[in-house]
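Working through the structure, step by step
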Number of protein chains: 2
Amino acid sequence: MTVTTPLHDALRARFGDCFSTAAAVRDHHGKDDSHHPTVPPDAVVFAQSTDDVAFTVRACARHRTPVIPVGAGTSIEGHVQALRGGISIDMSGMNRVLAVRPDDLDATVEAGVTRLQLDRELRGTGLFFPVDPGADATLGGMAATGASGTTTVRYGTMRDNVVSLTAVLASGEVVRTGGRARKSSAGYDLTHLLVGSEGTLAVITKLTVRLHPVPEAMAAAVCAFPGLGEAVQSVVEGVQLGVPVARAELLDATAVKAVNLHSGFDYDEVPTVFFEFHGTEAEVRAHGATIEEICRGLGGTAFRYARRQEERTRLWKARHDVYPAILALRPGSHGLTTDVCVPVSRLAECISATRDDMMTASIPWGIVGHIGDGNFHAVFLIDPDSPAELAEAEAVNERIVRRALAMEGTCTGEHGIGMGKIGFLHEEFGDAGVGAMRAVKAALDPEGIMNPGKVVEDRGSSP
Amino acid sequence: MTVTTPLHDALRARFGDCFSTAAAVRDHHGKDDSHHPTVPPDAVVFAQSTDDVAFTVRACARHRTPVIPVGAGTSIEGHVQALRGGISIDMSGMNRVLAVRPDDLDATVEAGVTRLQLDRELRGTGLFFPVDPGADATLGGMAATGASGTTTVRYGTMRDNVVSLTAVLASGEVVRTGGRARKSSAGYDLTHLLVGSEGTLAVITKLTVRLHPVPEAMAAAVCAFPGLGEAVQSVVEGVQLGVPVARAELLDATAVKAVNLHSGFDYDEVPTVFFEFHGTEAEVRAHGATIEEICRGLGGTAFRYARRQEERTRLWKARHDVYPAILALRPGSHGLTTDVCVPVSRLAECISATRDDMMTASIPWGIVGHIGDGNFHAVFLIDPDSPAELAEAEAVNERIVRRALAMEGTCTGEHGIGMGKIGFLHEEFGDAGVGAMRAVKAALDPEGIMNPGKVVEDRGSSP
């Protein structure tokens, strides 16, 4: 595709220095945190407002040119790669927290506000935003990919915590998907249609999100287990009992080793669960005691508690750094990360079969999991110059996904489809389901300009 | 429109006695629980299976004839009225609970299973399904209308409690919108697109829903207040503090009078809140004490507790019967019920302005509300033979909706759009939002056969 110069001229005239065709800028915007290759856009617009986004989308629509929204670039299924060229819209300049409303337990933010920035701006309000994918992603990106993470077992995913959105449609029209009421049954649920749509239906520019009161007490606890099965089972039993665990993160021996090396801990290198409990002092004690009893019954060690804020922060920072930490075990490697999620009753079986499968692989790997949700990640450390290793990891991933689907699970618990899992979407939803998704895509983006090549295959009609 | 006899012949051949054109049957299926007039379909199919529904939809698609799914008929915005004739599919025969899975805290049911039936079938499992709209609606109808109710402040709406759906699309294809994983970010969220779509995009035939552990302890408490404002404020302050109140139902003096007459209570006929608390014994005591302290500070009476199961059941049955109880205050009247929902910080102001407005009305009215969610209902008792009264109530409703929208609220918290609120949908979402909804409708139902005339206006292209 040849880039239409009139489009670039129009964008340059409007945006000046906030429009760039520099190679370094383009490359930076055509790459995420995964093994997927860099595919740069033709140019980048740095948006400062919903109007900027609407102007850009309208201009691109006139020239039938793709539009790719980019937040922090921390996604890992090739969401931001400009597969058919076009204009990337960098959302990071839209980073204002527009309102925090303690009385309604909500906040309205621009899409480029990051998770840690919102954390900082909420300090002192007694409120927090719970969704925590680990990376310091933008809230807009988290909504667009339907992100979740370590606290989802207690507080839910982005789907559960986005109240409403402002977004720019493929026509350039600005839509507000709802107000700020805690519930509504007015019309089709455009909010949930756009959450997880990965920029293929609209560009999210503002979000109203739910906030939660900071718990009176919080305590983290670490428990080591004789095997992966017992570690998984401890959480499954806790969830089944209805204990409101706030976090329950599995690390296999490899992941613990990586955490020790990267973050200076000295944990036994065996399957381990990092727990967290939130509530009143009495609730935190009671929940911890119940879960510890379950763990002991499964051969787990006594809990090593981290109660002070600094200790907890250090522990969760180590957990958040586990992905680079695992990659560092094989210097120069790229990660291929699986993301299946299954009903919790099937999780132990699914992880065990996965481990047995991976034992035969020639590539190093580790497993981490948000096991209260039934979601785990196997990370393969692949040599970026070895097509054979990539093929081997992809073959294992394919088996992992098929195993999860056979257990009524999903091919992606939280990373999204991007370009990496388009094939699996069909296996998960069949002709009727993917057909309905394609019909929605064609209805809202008839020219196929919105992040083409992602989520649903386009059938040649796009630019 | 003339009914095509070949369609009736095809349906009669397949369904035999489960196909009816009897006037009484047709009338019964063309009427809900509201003031909206009866509009009967041309015929009714009594479906026993997803295959039955798919057969019926395919046959109707061939003959470009409307299809209207009907559950218990308890909706109140004209959802089941056959505005353009066609075939109603009675879902009440699809009433099997297909699976209850305590390990995964979920159940799969056919769409015709009712709320009370599921309650009964879950007895002894230690689990319950929380969404409680009052009426003994079908689960399929509750999903289709995005229902919620008395427990939503704690446990969420249908949107929060439906894991996935099986549904028949306008083409007759059967789609499953997801598996049973607790979360997924795979593709567009078809589950949430269908929840609340009121039969206009697909016919829901099966649902997998979340179950919750029955709390160790439950207690209800009744508190009377000097005025509506104080009653509302008590709940708003509790929610803002993060106290996990399980129910918080407002009844104005009229509603209390109706409950006293209908259910044999002797409450003071002043604004009153029925609370419920769920948790461990200690939590129930603590939550109750915190809320009672707030109430006392606002001039509320000491809590009258109902702790025993029979007492609680009697109290909530009285609350559920409040709609017929209020109607009975004016024998022969029909109800016109408003349903706005606003951010909780605006609720007291919204209810107060609404009451001042209604004081000028010539028609009797009462107010009840799910005030922890910011949702309340004003019920007008209108003479069904008086167009003037209907017009007056509609004018007040219009002002109530505009007031709520100006407060970033919604025209319907839980009743849906049906045919009663189509005009307001446009005020709430504007051209861009309604345009997006219409595009989705046209994409998934190009012939306009799915419950036409509801949610989004069709523009003459329908049968």
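Residues numbered from 1 in each chain as written. Chains lettered and ligands numbered in written order. Predicted model: local features only at pLDDT ≥ 70, side-chain atom pairs only at ≥ 80, totals over all residues. Heavy atoms only, no water.

**Quick notes on the overall build of chain A**
Note the threshold: Helix numbers and strand numbers start at the N terminus; a helix is a DSSP run of H or I with at least 4 residues, a strand a run of E with at least 2. Residue burial is assigned from relative accessible area. The probe radius is 1.4 Å, only protein chains are included, and a residue is buried under 20% of its type maximum, exposed over 50%, and partly exposed in between. The contact criterion used throughout is that any non-hydrogen atoms of two residues lie within 4.5 Å. In this description, accessible areas are obtained by the Shrake-Rupley approach with a 1.4 Å probe, and a residue is regarded as covered only by the protein chains that are shown. His is not counted, nor are the chain ends; Lys and Arg add positive charge and Asp and Glu add negative charge. Charged side chains are reduced to one point each, which is NZ for Lys, CZ for Arg, CG for Asp and CD for Glu.
Assigned secondary structure in chain A consists of 16 helices and 18 strands. Dimensions of chain A, computed from C-alpha atoms along their principal axes, come out at roughly 70 × 55 × 45 Å. With 463 residues in all, chain A has 62% of them scored as buried. Partitioning the contacts of chain A with sequence separation of at least 6, the portion at a separation of at least 24 is 72%. A total of about 15,700 Å² of accessible surface is found on chain A, and carbon and sulfur atoms cover 51% of it. Put simply, chain A has 43 plus and 58 minus side-chain charges, and the middle of one group is 4 Å from the middle of the other.

**Here we look at the sheet that holds strand β9 (residues 174-176) of chain B**
Cut-off, in case you're wondering: A pair of strands is considered paired only if DSSP assigns at least 2 bridges between the two. Note on geometry: axes are C-alpha line fits, over the in-contact stretch for helices, and angles between N-to-C directions span 0 to 180 degrees.
The strand order β5-β6-β10-β8-β9 (chain B) describes an open sheet built from five strands, whose pairing is antiparallel. The open sheet has two edge strands with one neighbour each: β5 (97-101) and β9 of chain B. Geometrically, the sheet is characterised by an average inter-axis angle of 15 degrees between neighbouring strands, direction not taken into account. Looking at chain direction, strand β8 (residues 162-169) of chain B and strand β10 (residues 202-210) of chain B are connected through seven bridges and run antiparallel. The residue bridging B:Leu169 from the neighbouring strand is B:Ala202, located in β10(B). Strand contacts of helix α16 (residues 422-444) of chain A: β8 and β9 of chain B, with the helix running at about 90 degrees to β9(B), the strand carrying the most contacts.

**Structural notes on the pattern of salt bridges**
When the charged atoms of two side chains with opposite charge come close together, those side chains can pair. The line we're drawing: Each reported salt bridge corresponds to a side-chain nitrogen of Lys or Arg within 4 Å of a carboxyl oxygen of Asp or Glu.
Inspection of the entire model under this criterion finds 60 salt bridges over all chains. Where A:Glu408 meets B:Arg176, a salt bridge forms, and the shortest distance between an N and an O atom there is 2.9 Å. Here the residue A:Glu408 occupies a position in the loop between α15 (387-406) and α16, and B:Arg176 occupies one in strand β9, the pair thus bridging two chains. Assessed through its relative accessible area of 26%, A:Glu408 is described here as partly exposed. Across the pair B:Arg346 and B:Glu349 runs a salt bridge whose closest N-O atoms are separated by 3.1 Å. Under the relative-accessibility criterion, B:Arg346 is labelled partly exposed at 28%. On the accessibility criterion, B:Glu349 (42% relative accessible area) is partly exposed.

**Examining the environment of A:Glu408**
For clarity, the threshold we go by: We define a polar contact as two N or O atoms separated by no more than 3.5 Å, with the added condition that, inside protein, one atom must be a possible hydrogen donor and the other a possible acceptor, whereas residues neighbouring each other in sequence contribute only through side-chain atom pairs.
When the C-alpha positions of A:Glu408 and A:Glu428 are compared, they lie 9.1 Å apart, and in sequence the two are 20 residues distant. Here A:Glu408 is in contact with A:Pro343, B:Arg176, B:Gly179, B:Arg180 and B:Ala181, once residues within four sequence places are set aside. Among the polar contacts listed, one links the side chain of A:Glu408 to the side chain of B:Arg176, at a separation of 2.9 Å.

**Let's talk about helix α10 (residues 253-263) of chain A**
Residue and element names in this part refer to chain A. Buried within α10 are the following residues: Ala255, Val256, Ala258, Val259, Asn260 and Ser263. Residues of α10 that are buried sit in contact with β13 (247-251), β14 (272-279), α12 (309-320), α13 (322-328) and β17 (365-370). Once α10 ends, the next one or two residues include Gly264, with phi positive near 70 degrees.

**Considering the packing of helix α14 (residues 344-358) of chain A against α15(A)**
All names here are of chain A. Formally: Angular relationships are summarised with four words: roughly parallel below 35 degrees, roughly antiparallel beyond 145, roughly perpendicular across 65 to 115, and oblique for the angles in between. Take the far helix as the reference: if the near one is turned anticlockwise from it by less than a right angle, the crossing is left-handed, and if turned clockwise, right-handed. Asp, Glu, Lys and Arg are counted as charged, while Ala, Val, Leu, Ile, Met, Phe, Trp, Tyr, Cys and Pro are counted as nonpolar; the rest, among them Gly, fall into the polar class.
It is at 10 Å that the axes of α14 and α15 come closest, and there the two elements cross at 160 degrees. Looking at the two axes, α14 sits roughly antiparallel to α15. Seen along the crossing, α14 lies across α15 with a hand that is right-handed. Judged by residue contacts, Cys350, Ala353, Thr354, Asp357 and Met358 of α14 engage Val396, Arg399, Ile400 and Arg403 from α15. Partitioned by chemical class, the residues of the contact of α14 with α15 number five nonpolar, one polar and three charged.

**Re the relation of the copies chain A and chain B**
What connects the two chain copies is a rotation about an axis and a shift along it. Selection criterion: Least squares is used to superpose the copies, and the fit set is the C-alpha atoms of residues whose pLDDT is at least 70 in both copies.
The two copies are related by a screw motion: chain A maps onto chain B through a turn of 180 degrees and a shift of 0.0 Å along the axis, at an RMSD of 0.0 Å. Such a turn and shift between the copies fits a two-fold axis. Comparing interface residues between copies, 100% of those in chain A also sit at the interface in chain B, which points to an isologous, same-surface contact.

**Remarks on the sheet that holds strand β12 (residues 217-224) of chain B**
Strand pairing in a sheet relies on backbone hydrogen bonds, with the paired strands running either antiparallel or parallel. All names here are of chain B. Ordered in space as β15-β12-β14-β13-β17-β18-β16, the seven strands form an open sheet in which the pairing is antiparallel. One side of each edge strand has no neighbouring strand; the edge strands of this open sheet are β15 (304-306) and β16 (334-337). Taken pair by pair, the neighbouring strands of this sheet meet at an average axis angle of 20 degrees, ignoring direction. Pairing geometry for β12 and β15, over three bridges, is antiparallel. When the sheet's bridge partners are listed, Ala221 is paired in β15 with Tyr305.

**Details of the packing of helix α15 (residues 387-406) of chain B against helix α16 (residues 422-444) of chain B**
Residue and element names in this part refer to chain B. Orientation of α15 relative to α16, taken along the N-to-C sense of each, is 20 degrees, at an axis distance of 11 Å. Comparing the axis directions of α15 and α16 gives the class roughly parallel. Here α15 and α16 pass one another in a crossing that is right-handed. Contacts from Asn397, Glu398, Val401, Arg402 and Leu405 in α15 reach Phe424, Glu427 and Glu428 in α16. Among the residues making up the contact of α15 with α16, the classes are represented as three nonpolar, one polar and four charged.

**Notes on the environment of A:Met358**
All names here are of chain A. One can find Met358 in helix α14. In this structure the C-alpha to C-alpha distance between Met358 and Gly418, which are 60 residues apart in sequence, comes to 24 Å. In this structure Met358 touches Trp365, Ile367, Ala378, Phe380, Val396 and Ile400, once residues within four positions along its chain are discounted.

**Some remarks on the packing of aromatic side chains**
Here is the rule: In this analysis, rings of Phe, Tyr and Trp, with Trp reduced to its six-membered ring, are considered paired at centre separations within 6.5 Å, and the interplanar angle assigns stacked below 30 degrees, edge-to-face beyond 60, and tilted for intermediate values.
Overall, the coordinates contain 18 aromatic pairs over all chains when judged by the stated rule. Ring centres of A:Phe274 and A:Trp316 lie 6.1 Å apart, and the angle between their planes is 75 degrees; on these two criteria the pair is classed as edge-to-face. Note that A:Phe274 is positioned in strand β14 and A:Trp316 in helix α12, a separation of 42 residues in sequence. Of the two residues, A:Phe274 and A:Trp316, both sit in the buried class. On the numbers, 5.8 Å between centres and 55 degrees between planes, the contact of B:Tyr267 with B:Phe274 is tilted. The burial state of B:Tyr267 is the same as that of B:Phe274; both residues are buried.

**Some thoughts on the interface of chain A and chain B**
Heads up, the rule is: A simple way to read buried area is as the amount of 1.4 Å-probe accessible surface that goes missing from two parts once joined, with both sides added.
Counting from both sides, the interface comprises 78 residues of chain A and, opposite them, 78 residues of chain B. In this assembly, chain A packs against chain B so that about 5,800 Å² is buried in total across both faces, 58% of it on carbon and sulfur atoms. Where chain A packs against chain B, one counts 10 salt bridges. On the surface where chain A and chain B come into contact, there are 34 residue pairs in polar contact (both at pLDDT 80 or more). Of all elements in the fold, only α6 (152-155), β9 (174-176), α8 (190-194), α9 (228-240), α11 (281-297), α14 and α16 of chain A reach the threshold of two or more residues within the side of chain A that touches chain B.

**With respect to the confidence of the model for chain A**
To keep things clear, this is the line we draw: A residue's pLDDT is the predictor's confidence in that residue, given on a scale from 0 to 100.
Averaged over every residue, the pLDDT of chain A is 95; residues scoring 70 or more account for 98%. The complex prediction reports pTM at 0.96, with the ipTM value standing at 0.95.

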